[in-house]
Amino acid sequence: MFHFEALIDRSAPAGRPPTGVRPNGNSNETQAKRVLYLTRKVGETIVINDEIRVTVVEIRGKSIKLGFTFPPDVSVLREELYERIQAENRAAAESAGELFKDLTTADKPDSSK
């Protein structure tokens, strides 16, 4: 079992959970993301897609330790690490695109002689 520490913001206002919206393809339509709030006690588990289990391992103040059980082909990352990897991937793709453009527009030797 893999263990990750997760911090829960208990100061968030009570009431109806927020619903996020994101663009849907190239249109101007938006699609709502579903947000599920659960109350779990130490030792209780939730199951995601029959393969991923998230267990509450420990609660200490505002810190909750969660245990994740998942198949080896599934990637589980903290959000801040995921965002950093995505930013680095975008930067690398832009750099590769510029390099390709430079290579394809470079002066080619005159082969007509």
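Given the structure is predicted, the values throughout are model-derived calculations rather than measurements.

### A word on the overall build of the protein
Argument step 1. Within the protein, the secondary structure is distributed over one helix and six strands.
Argument step 2. Its helices and strands taken in sequence order, the protein reads β-β-β-β-β-β-α from the N to the C terminus.
Argument step 3. By sequence separation, contacts in the protein at least 24 residues apart represent 31% of the contacts at least 6 residues apart.
Argument step 4. When the accessible surface of the protein is split by element, carbon and sulfur atoms take 52% of a total near 10200 Å².

### Observations concerning the pairing of strand β6 (residues 63-69)
Argument step 1. Across seven bridges, the pairing between strand β5 (residues 52-60) and β6 is antiparallel. Bridge pairing in β6 places V54 opposite F68.
Argument step 2. Counting the residues that bridge the hairpin from β5 to β6 gives two residues, and of these G61 lies at a positive phi of roughly 65°.

### Points about unusual backbone geometry
Across residues other than glycine, the phi torsion is negative in most instances, and most of the peptide bonds are trans.
Argument step 1. Of note, the phi angle at N49 is positive, near 50°, even though the residue is not glycine.
Argument step 2. Structurally, N49 can be placed in the loop between β4 (45-48) and β5.
Argument step 3. Classification of N49 by relative accessible area gives exposed; the value is 67%.
Argument step 4. The phi dihedral of D50 falls on the positive side, at around 60°, and the residue is not glycine.

### Observations concerning the nonpolar core
Argument step 1. Ranked by size, the top nonpolar core spans seven residues in total: I52, V54, V56, I64, L66, F68 and F70.
Argument step 2. Those elements that place two or more of their residues in this core are β5 and β6.
Argument step 3. Non-local contacts of V54, meaning those with residues more than four positions away in its chain, are made with E44, T45, I46, I48, L66, G67 and F68.

### Considerations on the confidence of the model for the protein
Fine structural detail should not be taken from predicted coordinates in areas where pLDDT scores are low.
Argument step 1. Averaged over all residues, the pLDDT of the protein is 76; the fraction at 70 or higher stands at 65%.
Argument step 2. Note that residues 1-14 has pLDDT below 50 and, in this model, 29 contacts with residues that lie over four places away or in other chains.

### Observations concerning the pattern of salt bridges
Argument step 1. In total, this model carries four salt bridges according to the counting rule given.
Argument step 2. Among the salt bridges present, the one from E44 reaches R40, with a minimum N-O distance of 3.6 Å.
Argument step 3. A residue is classified by how much of its surface remains accessible, and E44, at 28% relative accessible area, is partly exposed.
Argument step 4. By relative accessible area, which is 36% here, R40 ends up partly exposed.
Argument step 5. Note that E58 and R60 form a salt bridge whose closest N and O atoms lie 2.2 Å from each other.
Argument step 6. One salt-bridge network, held together by shared partners, links E58, R60 and K65.

Calculation notes
Residues numbered from 1 in each chain as written. Predicted model: local features only at pLDDT ≥ 70, side-chain atom pairs only at ≥ 80, totals over all residues. Heavy atoms only, no water. Helix = DSSP H or I, 4+ residues; strand = E, 2+ residues; numbered from the N terminus. Contact = heavy atoms within 4.5 Å. Areas by Shrake-Rupley, 256 points an atom, 1.4 Å probe, with all protein chains shown as cover. Pairing = 2+ DSSP bridges. Buried < 20%, exposed > 50% of the residue type's maximum accessible area, 1.4 Å probe, protein only. Core = buried A, V, L, I, M, F, W, Y, C linked by side-chain atoms within 4.5 Å. pLDDT = per-residue confidence, 0-100. Salt bridge = Lys/Arg side-chain N within 4 Å of Asp/Glu carboxyl O.

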